[in-house]
Amino acid sequence: MTSTSFASALLATAVIVAALVIRTAVRETREPGSARKAWAFLPEPRALASGLVVASGLSAVAWTAAGPAYLPWAWLAGLFAAQIHSRMR
């Protein structure tokens, strides 16, 4: 594992998060109030707990299998899991 692989994984996840933020901004300009609905899962304790469980589990597996290079992907998966969990209620 090199620092280059961690940096490239971090850059790739940053690009994905930036794309999500840009998508939210474009939707907000078309429909005011949609950004608040899209990110409403962030203050929900149950959604954040499920996202943290997913991110922690994937982080442990990724660290064991490949070192810290895939940790940003595990954290991004935890964010998506929190969003999905909040929509299932």
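Residues numbered from 1 in each chain as written. Predicted model: local features only at pLDDT ≥ 70, side-chain atom pairs only at ≥ 80, totals over all residues. Heavy atoms only, no water.

**Considerations on the environment of Ala60**
Then, number 1: With respect to the secondary-structure elements, Ala60 resides in helix H3 (residues 45–66).
Then, number 2: As for Ala60 and Arg27, which are separated by 33 residues in sequence, their C-alpha atoms are 35 Å apart. (Helix = DSSP H or I, 4+ residues; strand = E, 2+ residues; numbered from the N terminus.)

**Let's talk about a nonpolar patch on the surface**
Then, number 1: Among the surface-exposed residues, Ile16, Tyr70, Trp73, Phe80, Ile84 and Met88 lie close enough to one another that they form a single nonpolar patch of about 600 Å² accessible area.
Then, number 2: Sorting elements by how many residues they give to the nonpolar patch places helix H4 (residues 71–88) first, with 4 residues.
Then, number 3: Mapped onto the secondary structure, Ile16 falls in helix H1 (residues 3–30).
Then, number 4: For Ile16, a relative accessible area of 30% translates into the label partly exposed. (Patch = residues over 30% accessible without salt bridge, like charges linked within 9 Å, V, L, I, M, F, W, Y side chains within 5 Å. Areas by Shrake-Rupley, 256 points an atom, 1.4 Å probe, with all protein chains shown as cover. Salt bridge = Lys/Arg side-chain N within 4 Å of Asp/Glu carboxyl O. Buried < 20%, exposed > 50% of the residue type's maximum accessible area, 1.4 Å probe, protein only.)

**Observations regarding H4**
Structural remark: α-helix, 3.6 residues per turn; residues separated by three or four positions point the same way.
Then, number 1: Here H4 spans 26 Å end to end across 18 residues, near enough to the 26 Å set by a 1.5 Å rise per residue.
Then, number 2: Listed in full, the buried residues belonging to H4 are Leu71, Pro72, Ala74, Leu76, Gly78, Ala81, Ala82 and Ser86. (Expected span 1.5 Å × (residues − 1).)

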